[in-house]
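Next come the chains, spelled out residue by residue.
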Amino acid sequence: SPSRELTQNPLQKTWEPYDNGLPAGHSAQRGVCMTNCPTLIVMVGLPARGKTYISKKLTRYLNWIGVPTKEFNVGQYRRDLVKKYKSFEFFLPDNEEGLKIRKQCALAALNDVRQYLSEENGHVAVFDATNTTRERRETIYKFGEENGYKTFFVESVCVDPEVIAANIVQVKLGSPDYVDCSNDEATEDFMKRIECYKNSYETLDETLDKDLSYIKIMDVGRSYLVNRVMDHIQSRIVYYLMNIHVTPRSIYLCRHGESELNLKGRIGGDPGLSVRGKEFAKSLAQFINEQNIKDLKVWTSQMKRTIQTAEALGVPYEQWKVLNEIDAGVCEEMTYEEIQENYPLEFALRDQDKYRYRYPKGESYEDLVQRLEPVIMELERQENVLVICHQAVMRCLLAYFLDKPAEQLPYLKCPLHTVLKLTPVAYG
Amino acid sequence: FFLLPPPFCERPKVDAERQKTLALKMPMELTQSRIQKIWLPNDNRPALPRRSCGPQLANSPTVIVMVGLPARGKTYISKKLTRYLNWIGVPTKVFNVGEYRREAVKHYSSYDFFRPDNEEAMKVRRQCALAALRDVKQYLTEEAGQIAVFDATNTTRERRGMILNFAKENGFKVFFIESVCNDPTVVATNVMEVKLSSPDYRDCNSTDAMEDFMKRINCYQASYQPLDPDDYDRELSLIKVIDVGRRFLVNRVQDHIQSRIVYYLMNIHVQPRTIYLCRHGESEFNLKGKIGGDSGLSNRGKKFALALNKFVEEQNLKDLKVWTSQLKRTIQTAEALQLPYEQWKALNEIDAGVCEEMTYEEIREQHPEEFVLRDQDKYYYRYPSGESYQDLVQRLEPVIMELERQENVLVICHQAVMRCLLAYFLDKSADEMPYLKCPLHTVLKLTPVAYGCRVESISLNIEAVNTHRERPEEAKKGPNPLMRRNSVTPLASPEPTKKPRINSFEEHVAVSSALPGCVPQEVPTQLPGQ
C-alpha cells in the first residue's frame, strides 16, 4: 500500500503524513513521549519541610520543558473556605469541625486535579498537602487508579531544627494566615501547628509502601530513597529533585557586548564585538569585581562575541556549544528587511507563533529549550554563575527562572549591555 | 599545526594576576582553532580546559568503589558504567581485582580459596587489591584517567576504610556503588550468565561450578557489612542499588559526575530486549553523492522501507518502539512500517554547515583546507558553522539514556548518528567511531548478552550506493605521536591492565568488543525470495 504523503508543516518545519489531503494520526513530535497517562505527584511531609517549595519549583521546571503541569495547594483551598485563620487549634487532631473542613478541601482539590488531568489536557498534577497518614495517601492512590493516573509520592523528611526555623521565617511568617500577627506569635503558633501532625505522621515505609513509586528526600537533599520509578517522567523528576539545592546564591544573565552584526541590524552569524561592545565587556569586568562574588563560575557560548566578552573579565570561563544563539538557518546574517523581502511567508509565520516557529534549516525557541535543558540542570547544581549568552537563549533561561509561559518567552526583554541578577527568594 | 583537545582534567597553572593583566592588555583577540572551530585567546597563555561540551565534569579524579557479594552485578555495572562514561568523554577504566587474582594464582582449585580462615589466600587477595590500587593511582595521576572503577566485593568496613585512606592520600574523590540483592532467582541467573564460563571454572561442568560458586558466596556472607548511610557511613558518597534497580538509596552526591552516574544507574535495566539500528532508505541526495540536506527516498530507498516493514514483522516483537529523526528520509522509511513512531530532532544527521548539500568533490574544490582537516581528525573536526562527531555525542546522550530505559526499539537514523550510537553499544573509541561501517539498507540487531552486546548485521538485500569513506592512508599516520600521547582522546574502555588469559571468558561473549574496526558479521539475509 502506498505510503501516506509527507508534507512539511510550514511553521515548525516538521514532516507530517497526510491521507487524501487530511492530516493522518501520526507520530509524536517531541523526542520522547513524556507521559502516556497523566501523573499525579503527591507531596508528603510535616509542615515547613519544603513541600510547597518543591511543588512550585518542580511545576515550573516541568512546564518549561513542555510538560503541562499544575500544582494544587490544599492549604490555599482551606484559606478560601475558612476566611480567617485563628490559631493552630484548627489543626488539632481532635477538632472534628476542622477535620471535616480539611477533608472537604482535599476532596475539592482532587476534583480540580481530575478536571485538569482528564479534561484540560494537563499531564502532571502536583497535589501539595501534608498527606502524612497512610489512610489519606491510600485515598489519593485509589483516586489516581480510578482515573487512570500514575501516582508518584515525593516525601520531604527533615529533623534539623535550624532548617525548619529558616523555612518558617522565609515563607510562613509572610503567609496570609499570619497577616495580623507579630513574628514571634506567628512562629510560636506555627510550631504548635507542626506538633498537631506529628503523632499521626506515618512516613513512607520500606515494607508497608514497597509497591508505591516514590522518592524520599532527607535533610534537604543530603540523601534520597527512590522506590519503583515507573517511567521517563518520573525518572526526570527524580533527577531534577536530586540536583536542586537551597544554598543561597545568585545567577547573573547577560548577553555578549554589542557585535558588528548588531550594528548592521543583521541576525545570527559569528561576528566579533563592536567598539561599544568591547566597552561593555570592560564595564562588565568592573561590575563583577564590585559584586565581590565568591567562587563565580562564568559560562559563555562558543560564539566569538560571548567569548570576547568573557575574556575581558580575566577569570576562567567555560564554553558551552548549547548556549549558542538560535540558528536562523537560511536567514542567518540577514536583516529583518531582507528576510521580509526574500522570505515573506516565513516572516509572517514567525510572528504568528514565535515560540514554535522554526527557521528553514534552523531552529525554533522550542528547540532551544530542549537544548538548554542541561544548562538549566547544571545551573541548579551550581552556586554563583554568570552566563554570557545571546538574546533568544537568554529569553529561554529567563523564562525558566521567572516562570514565563511559552507565549511570553520570545518577547521577554533582554537588552544588550544589561545584566539580570537573579536571587532565589521564598518560592520564586 | 592544529590543536588537540586538551586532557579533561588538565588544570593549567593559571596565574590569576597574570591573567588579569593580560586581559587588560590584549583587546580580546581570539583565533578560531582549525579543527574544532573553537575560539581561543591569541597569546598562547594556558587557557582553560577547552572541552567543548560545557562544565568541568570532574575536578579531582574519582575512584568508584563497587560493593557487594559475588554475583550481584558489580562487574556488569562496572563495565556498563565505564562504557557510558568513556562515550560521553570522561576517561574511565575498570580495575577488576578478580583478574589480578587470576594472574597471581594461576589455577583456581575451589571455593576453599575464599574461606575466611584461609590465611594464605587472604594474604594473596589483599596483595591483589593493593596491586590494583597501585594501578588505579597510576591511571589517575599519570595516565590522565578521570575515573577508576575499583571492582571487587569490598564487603568489609576494614577494606573500605583502607580504600578511603588511599584515596585521601592521593586527593581522589570516592563514590561507592553497592549492589544488594537477595532474590535467589536473580543470583542464580547471574551465576549462569557469567560465572559458569569464567576461567575459574574452565575445567568444571555446570553443576559443579554452580555448587562451588554458591559456596564461594557463602564465604563472604558472615563478614559482609553493608553500607550504612544512616549511621556508620553517613559521611560517604554512595548509591545502594537494591534488587536490580527496584530501589535506590543515595547519599551525599558531591558533584556533577556523581549526579550523572546516579541518573544513569537509575535508568538502566536488565530486561532482555533488542535494539535495531538502521539508516533511512537510500535518498535522492545519496544517489547524487550529496551530503546532508533533507531529500526524500529514491526508488530503491522506498523498496528498502518496504523490506524493512517485512523484516520487522518477521521479528515478531512485542511492543516495538520506532524512532526517527525529523528529516524526511527517516520519516518516509518509518511510514512504511505502519507503526506509530516518534520523531527526535536529536537524531538528525550531523550538520555539515557550509558543506551541506555538497558532494565530496565540491567540498574538496571549494573548501580544500577543510577537506584535509576532516580526514586528519574526523572525531573532533567540526564543519564550519556545523557540527563534529563530538557535538553529535553530546546531543545524542539523551537518546542513549532513553534507549537504556526502553525495551525493544528500532532507531531509523543517519550514517554519522548511527556510528555514534553504535560506538556506545560496542564500546568503540572516539578514534574508531567515525569509521564504523554503517551501510545503507542494513539493519544492525543488538542484543545484550553477559557483559556486552551481541551484534548481528542483516542486509535487506536492496541495492544502494556506498556512502562509506575509509580512513585515508596519509591520515592513518596521524598527528605527531608525541602530542597524541598527552592528549586525551576519549577512549573505549581500555584493556584490563592484566592481560586476560587466552581462554578468557570474555572472548566467548560480545565478539563485537574484540573486533578492531567494526566489521559487522555478515549474516545471510532473512528475507526469502529477495
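Residues numbered from 1 in each chain as written. Chains lettered and ligands numbered in written order. Predicted model: local features only at pLDDT ≥ 70, side-chain atom pairs only at ≥ 80, totals over all residues. Heavy atoms only, no water.

Quick look at the domain arrangement of chain B
Residue and element names in this part refer to chain B.
- Partitioning chain B into structural domains gives domain 1 (62–267) and domain 2 (275–467).
- Taken over C-alpha atoms, the centre of domain 1 sits 36 Å from the centre of domain 2.
- When domain 1 packs against domain 2, close to 1600 Å² is buried across both sides, 62% of that on carbon and sulfur atoms.
- It is Arg83, Trp87 and Asn267 that lose the most area in domain 1 upon contact with domain 2, and together they represent 50% of the buried surface on that side.
- Note that Lys80 and Glu404 form a salt bridge whose closest N and O atoms lie 3.0 Å from each other.
- Where domain 1 meets domain 2, there are seven residue pairs in polar contact (both at pLDDT 80 or more).
- The set of elements that each furnish at least two residues to the side of domain 1 that touches domain 2 consists of α2 (74–87), α6 (184–195) and α8 (256–267).
- Here the side of domain 1 that touches domain 2 gets seven residues from one element, more than from any other, and that element is α2.
- Considering only residue class, the side of domain 1 that touches domain 2 consists of eight nonpolar, two polar and six charged. (Domains from an automatic or database assignment. Buried area = accessible area lost by both parts, 1.4 Å probe. Salt bridge = Lys/Arg side-chain N within 4 Å of Asp/Glu carboxyl O. Polar contact = N/O pair within 3.5 Å; in protein donor to acceptor, adjacent residues only side chain to side chain. Helix = DSSP H or I, 4+ residues; strand = E, 2+ residues; numbered from the N terminus. Nonpolar A, V, L, I, M, F, W, Y, C, P; charged D, E, K, R; others polar.)

Considering the sheet that holds strand β4 (residues 39–44) of chain A
- Pairing in this open sheet of twelve strands is mixed, and the strands run β5(A)-β6(A)-β4(A)-β7(A)-β8(A)-β9(A)-β8(B)-β7(B)-β6(B)-β3(B)-β5(B)-β4(B) from one edge to the other. A single partner strand is all that each edge strand has here, and the edge strands are β5 (69–73) of chain A together with β4 (92–96) of chain B. Each adjacent strand pair in this sheet contributes to an overall mean axis angle of 15°, direction not counted.
- Bridge analysis of β4 of chain A against strand β6 (residues 124–128) of chain A gives four bridges, and the strand direction is parallel. Looking at β6 of chain A, one finds that Ile41 of chain A is bridged to Val126 of chain A.
- Across the sheet, helix α1 (residues 51–64) of chain A lies against β4, β5, β6, β7 (150–157) and β8 (214–218) of chain A, angled at about 160° from β5 of chain A, the strand it touches most. (Pairing = 2+ DSSP bridges. Axes fitted to C-alpha atoms, helices over the stretch in contact; angles between N-to-C directions. Contact = heavy atoms within 4.5 Å.)

Some details on the interface of chain B and chain A
- Every contact between the two is made by 59 residues of chain B and, on the other side, 64 residues of chain A.
- Taken together, the two surfaces of chain B and chain A that pack against each other cover about 5300 Å², and 50% of this comes from carbon and sulfur.
- Sorting the residues of chain B by area buried against chain A places Met28, Trp39 and Arg247 of chain B first, and these three jointly supply 15% of that buried surface.
- Taken together, the links from chain B to chain A amount to two salt bridges.

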